[in-house]
Amino acid sequence: QVQLVESGGGLVQPGGSLRLSCTASAFTERYYTIAWFRQAPGKEREGVSCISTTDKLAYSDSVKGRLTMTRDNAKKQVDLQMNDLKPEDTAAYYCAVDNDFRNYCSLLEDEYEYWGQGTQVTVSS
């Protein structure tokens, strides 16, 4: 059974940085798309970034220029480098996998079959 485990969350001051990681275990698919989503209290879950099977990236407008997603296929791991964090970035962050071949990735949660348990990011002074 596929398991996704996120790590790296924590408390950071505005303007600070964090690096989130997501590792997939028991995942044997060769072609997959992976994404980061976040959900703040009282708000709907939103797509933050994704990387397609062909390594095409996409970011939401709210994080573009501040967050960078990278993937290590050998490790079945993706990282999300988060810079210049703002209080509005406070949320639980989840990684998710779509195990179909995709030339372009989607930030719509319905496209993803597997989800991690999330890691909390809190941006506060």
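Here goes a summary of the coordinates provided. Owing to the predicted nature of the structure, the values given are computational and were not obtained by experimental measurement.

**Let's talk about the overall build of the protein chain**
When helices and strands are tallied, the protein chain shows zero helices and eleven strands. The order of α-helices and β-strands along the protein chain, N terminus first, is β-β-β-β-β-β-β-β-β-β-β. A compact globule built from 125 residues would reach a C-alpha radius of gyration of about 14 Å, and the protein chain, at 14 Å, matches this within 12%. Its C-alpha atoms give the protein chain principal-axis dimensions of roughly 40 × 25 × 25 Å. Classification of the 125 residues of the protein chain by burial places 46% in the buried group. The contacts of the protein chain with a sequence gap of at least 6 include a subset with a gap of at least 24, amounting to 62%. Accessible surface computed for the protein chain: about 6600 Å², of which carbon and sulfur atoms make up 45%.

**Remarks on the state of the cysteines**
Summed over the entire model, instances satisfying the criterion amount to two disulfides. A disulfide bridge connects Cys50 with Cys105, and the sulfur atoms are separated by 2.1 Å. Looking down the S-S bond of the Cys50 and Cys105 bridge, the torsion is 75°, so its handedness is right-handed. With a gap of 55 residues between them, Cys50 in strand 5 (residues 46-51) and Cys105 in the loop between strand 9 (91-98) and strand 10 (114-115) connect regions that are remote in the sequence. Taken individually, Cys50 and Cys105 each receive the classification buried, so the pair is uniform in this respect. Once the disulfide-bonded cysteines of the protein chain are ranked by sequence position, their pairing pattern turns out to be 1-3, 2-4.

**Overview of the environment of Ser52**
The residue Ser52 is located in the loop between strand 5 and strand 6 (57-59) in this model. Counting along the chain gives 20 residues from Ser52 to Tyr32, while the straight-line C-alpha distance between them is 7.0 Å. Sequence-distant contacts of Ser52, defined by excluding residues within four places in its chain, comprise Tyr32, Thr33, Arg71, Arg102, Asn103, Tyr104 and Cys105.

**Observations regarding the environment of Val63**
For Val63, the position within the fold is in the loop between strand 6 and strand 7 (67-72). Between the C-alpha atom of Val63 and that of Tyr94, which follows or precedes it by 31 residues, the distance is 15 Å.

**Some words on the nonpolar core**
Ile34, Trp36, Met69, Leu80, Met82 and Tyr93 are the most contacted members of the largest nonpolar core, which has 27 residues in total. When residues of this core are traced back to their parent elements, those giving at least two are strand 3 (18-25), strand 4 (33-39), strand 5, strand 7, strand 8 (77-82), strand 9 and strand 11 (119-123). Ala35, Phe37, Cys50 and Tyr112 belong to the second-largest nonpolar core, a separate cluster that totals six residues.

**Things to note about unusual backbone geometry**
Its identity is not glycine, yet Asp55 carries a phi of approximately 70°, on the positive side. Looking at where Asp55 falls in the secondary structure, it is placed in the loop between strand 5 and strand 6. Judged by its relative accessible area of 45%, Asp55 falls in the partly exposed class.

Calculation criteria
Residues numbered from 1 in each chain as written. Predicted model: local features only at pLDDT ≥ 70, side-chain atom pairs only at ≥ 80, totals over all residues. Heavy atoms only, no water. Helix = DSSP H or I, 4+ residues; strand = E, 2+ residues; numbered from the N terminus. Rg over C-alpha atoms; globule rule 2.2 N^0.38 Å. Buried < 20%, exposed > 50% of the residue type's maximum accessible area, 1.4 Å probe, protein only. Contact = heavy atoms within 4.5 Å. Areas by Shrake-Rupley, 256 points an atom, 1.4 Å probe, with all protein chains shown as cover. Disulfide = S-S within 2.5 Å. Core = buried A, V, L, I, M, F, W, Y, C linked by side-chain atoms within 4.5 Å.

Everything listed is a geometric property; what it means functionally is a separate question.
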